Amino acid sequence: MGERRTGRTGVIRAWLFGAAGPAAPRTTAEALGLAEDAPGLQRLRDTEPEQLARIERLHTAAQGAFEQRTGDSVCRALEAAVRAGIRETAAASAGRPATDRLRAEGDAAAQRLAADAALAGGRGLNTGLAFGILVSPVVLVLTLLAGKFVPPLFRSGIGCPEELVLMDSLVCFAGGAMGAVFSVIIRLRDAYQLIRPAPGSAAPADIPADPVQLARMMRQEGWYRVVVGWFLATSLFLLINGGILTLLTPPAAPDGMCGPGPLSTAGHQALIKAWFFWGGVGFLAGLNERWAYGLVRRGGEPRPADPPA
């Protein structure tokens, strides 16, 4: 396989993004130091064409494994199986060599490559989700700073009611990110769901998807799900707080919440209740997209006209 990455940076990069496979994978004959038309290899190919073709496909796939040690181990096992098959074919005066060895090594290699692809998909998804979680507080802090320093640039400012609305929106925003992460974790408890072939796929059953590409795709998917949680939570906050969606009613702030005196006990309780309310709305929005989409569609429906007085 390709040259190993050295150094701490290379180890971390390989753990996150996968091993650097060779630009041109070696054939089984090249790995064994034989020519493609070598007599022993040709004899095995004539005797066991299906098994040897499967071994060669798995050998090529193993060189692009996500973890290099897995790819190296699978390649060595397959090469040893082919070498043993060549010896058995040459020693057999009649009949076929032991097919069970080639089939067993092929099955073991397919299982290890499937586990490697599942590991790549799960690690990529976790990396994307973790990136989204880390970015969320950064976005919250930047929003708070913008709310504090941007209005003075336009000779304006935000008062206590506006600050409370901004804080509620950010709590809802953070809840959407947490709900999206929790939703993905619950739905993909089995990492092998990531590598199940699509119905009607023409790919060989024992050759998983490219693990490095799968990890990249799942990183993007994890980040995308967090962003979807942000937007759904923010959309519901705007619809509910704007009075467009009346199915959910936010807790009312007591009088004197923004008064000159210290915050009363009722004010503290109302503030905590509002945080829990908006955090719960955001969490449910990120957790269940269908529920959130249904509420958004309902909020967009025209409201019935008030009866005449």
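Residues numbered from 1 in each chain as written. Predicted model: local features only at pLDDT ≥ 70, side-chain atom pairs only at ≥ 80, totals over all residues. Heavy atoms only, no water.

The next point concerns the overall build of the chain. When helices and strands are counted, the chain shows 10 helices and zero strands. Helices and strands appear in the chain in the N-to-C order α-α-α-α-α-α-α-α-α-α. Out of the 309 residues in the chain, the part that is buried amounts to 38%. Restricting to contacts in the chain with at least 6 residues of sequence separation, those with at least 24 account for 78%. (Helix = DSSP H or I, 4+ residues; strand = E, 2+ residues; numbered from the N terminus. Buried < 20%, exposed > 50% of the residue type's maximum accessible area, 1.4 Å probe, protein only. Contact = heavy atoms within 4.5 Å.)

Another point: the environment of Cys160. Structurally, Cys160 can be placed in helix H7 (residues 160-187). For the pair formed by Cys160 and Gly259, sequence separation is 99 residues and the distance between their alpha carbons is 8.9 Å. Aside from chain neighbours lying at most four places away, what touches Cys160 is Met257 and Cys258.

Our next topic: the nonpolar core. Counting 20 residues, the largest nonpolar core has Leu41, Leu44, Leu58, Leu78 and Val82 as its most contacted members. Counting residues per element, the ones that place at least two in this core are helix H2 (28-32), helix H3 (39-47), helix H4 (49-62), helix H5 (68-91) and helix H6 (99-153). A per-element tally of this core places H5 first, with six residues. Here Val82 is in contact with Thr28, Leu32, Leu41, Leu44, Leu52, Ile55 and Leu102, once residues within four sequence places are set aside. Counting residues in each nonpolar core, the second largest holds 16 residues, with Leu125, Leu129, Val226 and Val227 among its members. (Core = buried A, V, L, I, M, F, W, Y, C linked by side-chain atoms within 4.5 Å.)

The next thing to look at is the packing of aromatic side chains. Inspection of every chain in the model, using the stated rule, returns six aromatic pairs. The interplanar angle of 90° and the centroid separation of 5.5 Å between the aromatic rings of Trp223 and Trp230 together place this pair among those described as edge-to-face. Using a relative accessible area of 9% as the deciding quantity, one classes Trp230 as buried. Summarising the aromatic geometry, the rings of Phe237 and Trp278 are spaced 4.6 Å apart at their centres and angled 65° between planes, so their arrangement reads as edge-to-face. In this pair, Phe237 is assigned in helix H8 (residues 211-241) and Trp278 in helix H9 (residues 265-287), connecting sequence segments 41 residues apart. Under the relative-accessibility criterion, Phe237 is labelled buried at 6%. Residue class for Trp278 comes out buried when judged on its relative accessible area of 2%. Three or more aromatic residues joined by ring pairs form one cluster here, namely Phe131, Phe173, Trp223 and Trp230. (Phe/Tyr/Trp six-rings, centres within 6.5 Å; stacked < 30°, edge-to-face > 60°.)

Looking now at a nonpolar patch on the surface. On the surface, a cluster of nonpolar side chains totalling about 470 Å² of accessible area is made up of Val138, Val141, Leu142, Leu145 and Phe149. For Val141, the location among the structural elements is in helix H6. The exposure class of Val141 is partly exposed, given its relative accessible area of 46%. (Patch = residues over 30% accessible without salt bridge, like charges linked within 9 Å, V, L, I, M, F, W, Y side chains within 5 Å. Areas by Shrake-Rupley, 256 points an atom, 1.4 Å probe, with all protein chains shown as cover. Salt bridge = Lys/Arg side-chain N within 4 Å of Asp/Glu carboxyl O.)

What follows deals with the pattern of salt bridges. Throughout the structure, instances matching the rule amount to five salt bridges. Between Asp107 and Arg54 there is a salt bridge, and its shortest N-O distance comes to 2.7 Å. Placement of Asp107 in helix H6 and of Arg54 in helix H4 is noted, with a sequence separation of 53 residues between them. For Arg69, the salt bridge identified is with Glu67, shortest N-O distance 3.6 Å. When its relative accessible area of 17% is taken as the criterion, Glu67 is described as buried. Residues joined in a network through salt bridges with shared partners are Glu36, Arg45 and Glu56.

With 83% of its residues at a pLDDT of 70 or more, the chain has an overall mean of 81. Overall, residues 1-5 carries pLDDT values under 50, and its contacts beyond four positions in sequence, including any with other chains, amount to 21 contacts. (pLDDT = per-residue confidence, 0-100.)

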